[in-house]
Amino acid sequence: MACMVDSAFIQASEHRPKVSILEAGGIPLIDLSTLNSSNSNSPEALSGLVAEIGAACKDWGFFQVINHGVPLQLQERIESAARKFFALPLEEKRKVRRDEENPLGYYDTEHTKNVRDWKEVFDFTLEEPAFIPASQEPHSQEFQTLNNQWPHYPPEMREACMEYARGVEKLAYKFLELISLSLNLPPGRFKGFFKDQTTFIRLNHYPPCPEPQLALGVGRHKDGGALTILAQDDVGGLEVKRKTDGEWVRVKPIPNSYIINVGDIIQVWSNDKYESVEHRVVVNSQKERFSIPFFFNPAHSVMVKPMEELLEENDTPKYEEYNWGRFFKSRKDSNFKKQAVENVQIYHFRVTK
């Protein structure tokens, strides 16, 4: 991917806001060793961890974890495969290029009509094939089949990607349980929504950019799914918008850690008790950066609405029910063509009095 910042890119991309950046670890750091020790069944130890995660979800929407139990070699293998793939000539990478018919595979923002972010990516789904609605129309019964597109090189890429995905999936289900417990719900309350899940994993490559002040690796956004589990290298670049004052806090990379954030679905399920928070990625002029977000998403058929158990006395749902598959379909379609309406957001479903 060439790195040139021209006037068209500058106009299309989101300029970095002129605000102070706090150089700090910032988001809460949580040790998950309790889950992998002989004390994992101890009510006292587990209750302390649940309280930490609940506070992080409420106050930040983000937290960083260590001693998570995912073998380091899984991340090393997928990172190695990603570096080999992104180092290929563009014409080789584009042999598995995504398109409107199949939104999985490779793309780079230099060759898309919707230029916002300075990066190139490779997407694949955990479940293969995966299914989403073929149309955003509410009564359509047709479905689109999503099949992964695997490159011929590096030959180990498919195995490395799927082994990593299955390893992180186990961690994702643990977080679902812990977040459910933090909301005073049974630990398995959310699990059923993820049968036939639409989870996908993205390999991100951010090349060095000669004018980083004019570009973002990823513009400010919120994640539409349930949970995101992010692995990043030691270069860093993720910034989180702090809820208390709106300042952007740069997340310091910690070796063999993951960054977790709740997405829009958990915000709706919790009826705003937990909030999906804005974040972005900055680029730099010296080093390339790699990261791997795991977007934990439910089945396309899931209807998302506030949990009745979380509605307190005299409390009312703050969101109308919506279908996750059509929400996801709308987001994917916006990558290929300009929509006639604003990209769907959960605030479109907010109940107004």
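Residues numbered from 1 in each chain as written. Predicted model: local features only at pLDDT ≥ 70, side-chain atom pairs only at ≥ 80, totals over all residues. Heavy atoms only, no water.

Time to look at the packing of helix α2 (residues 43-59) against helix α5 (residues 157-182). Taken N-terminus to C-terminus, the directions of α2 and α5 make an angle of 85°; their axes are 8 Å apart at the nearest point. With respect to α5, the element α2 is oriented roughly perpendicular. Counting all contacts with α2, which are made through L46, L49, V50, I53, G54 and C57, the residues of α5 involved are F175, L178, I179, L181 and S182. Residues of the contact of α2 with α5, tallied by class, amount to nine nonpolar, two polar and no charged. (Axes fitted to C-alpha atoms, helices over the stretch in contact; angles between N-to-C directions. Helix = DSSP H or I, 4+ residues; strand = E, 2+ residues; numbered from the N terminus. Parallel < 35°, antiparallel > 145°, perpendicular 65-115°, else oblique. Contact = heavy atoms within 4.5 Å. Nonpolar A, V, L, I, M, F, W, Y, C, P; charged D, E, K, R; others polar.)

On to the confidence of the model for the protein chain. Mean pLDDT over the protein chain: 87, with 86% of residues reaching 70 or higher. Overall, residues 2-24 carries pLDDT values under 50, and its contacts beyond four positions in sequence, including any with other chains, amount to 55 contacts. Low confidence marks residues 111-115, where pLDDT is under 50. Its contacts with residues over four positions away, or in another chain, come to 10 contacts. (pLDDT = per-residue confidence, 0-100.)

This part takes up the packing of aromatic side chains. Taken as a whole, this structure holds 21 aromatic pairs when the rule is applied. Both rings, one in F193 and one in W269, keep their centres 4.9 Å apart while their planes meet at 25°; by these two values the pair is stacked. Highlighted residues: F193 in the loop between α5 and β8 (200-206) and W269 in helix α6 (residues 264-269), separated in sequence by 76 residues. On the basis of relative accessibility, which here comes to 1%, the residue W269 falls in the buried class. Above the plane of the ring of Y173 lies K191, whose end atom (NZ or CZ) is 5.9 Å from the centre. (Phe/Tyr/Trp six-rings, centres within 6.5 Å; stacked < 30°, edge-to-face > 60°. Buried < 20%, exposed > 50% of the residue type's maximum accessible area, 1.4 Å probe, protein only. Lys NZ or Arg CZ within 6 Å of the ring centre and 35° of its normal.)

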